[in-house]
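Commentary on secondary and tertiary structure
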Amino acid sequence: MKGLKISAAACLASLALAGCVTVEAPTEPIVIELNVNIRQEVIYRLAEDAGNTIEENADIF
């Protein structure tokens, strides 16, 4: 019986402490840094566009 009282008291104490948890929003904005390399695609598009321009204006090159 004594063990039951101690267990009940421990359960009540843990329930009372469970209400003490608080969640707060951060004061600073969340920053996600993405290191993405898009250089290859840009160079490819520029090379293709330059090739088309040279073909279209062959007389000036």
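Structure: see above.
Here's a quick rundown of the structure. Keep in mind that what you see is a predicted model, and the values were worked out from it rather than measured.

Scanning the protein chain from N- to C-terminus turns up 2 helices and 0 strands. The buried share among the 61 residues of the protein chain stands at 0%. When the accessible surface of the protein chain is split by element, carbon and sulfur atoms take 62% of a total near 6,400 Å².

Looking now at a nonpolar patch on the surface. Among the surface-exposed residues, I30, I32, L34 and V36 lie close enough to one another that they form a single nonpolar patch of about 520 Å² accessible area. The residue L34 is located in the loop between α1 (2–18) and α2 (39–56) in this model. Note on L34: relative accessible area 67%, which makes it exposed.

Moving on to a negative patch on the surface. On the surface, a cluster of negative charge is contributed by E48, D49, E55 and E56. Mapped onto the elements of the fold, D49 is located in helix α2. Accessibility expressed as a relative area gives 47% for D49, which makes it partly exposed.

Definitions and limits used
Along every chain, residues carry numbers that run from 1 in the direction the sequence is written. Local features in this predicted model are restricted to residues whose pLDDT is 70 or higher, and side-chain atom pairs enter the listing and the counts only when it is 80 or higher, whereas totals over whole chains, interfaces and linings include all residues. Only hydrogens and water are removed before side-chain values are computed, so all heavy atoms of the structure are retained for them. A run of H or I in DSSP becomes a helix once it reaches four residues, and a run of E becomes a strand once it reaches two; helices and strands are each numbered from the N terminus. Classification of residues uses two cut-offs on accessible area relative to the type maximum, computed with a 1.4 Å probe and protein chains only: under 20% is buried, over 50% is exposed, and between them is partly exposed. Here the Shrake-Rupley method, with its probe set to 1.4 Å, supplies the accessible areas, and only the displayed protein chains count as covering residues. Residues with no salt bridge and a relative accessible area higher than 30% make up the patches, which join like charges within 9 Å and nonpolar side chains (Val, Leu, Ile, Met, Phe, Trp, Tyr) within 5 Å. Just to be clear on terms, a salt bridge is a Lys or Arg side-chain nitrogen sitting within 4 Å of an Asp or Glu carboxyl oxygen. Note on charges: Lys and Arg go in the positive column, Asp and Glu in the negative column, and His and the chain ends are not counted at all. A single reference atom marks each charge: NZ on Lys, CZ on Arg, CG on Asp, CD on Glu.

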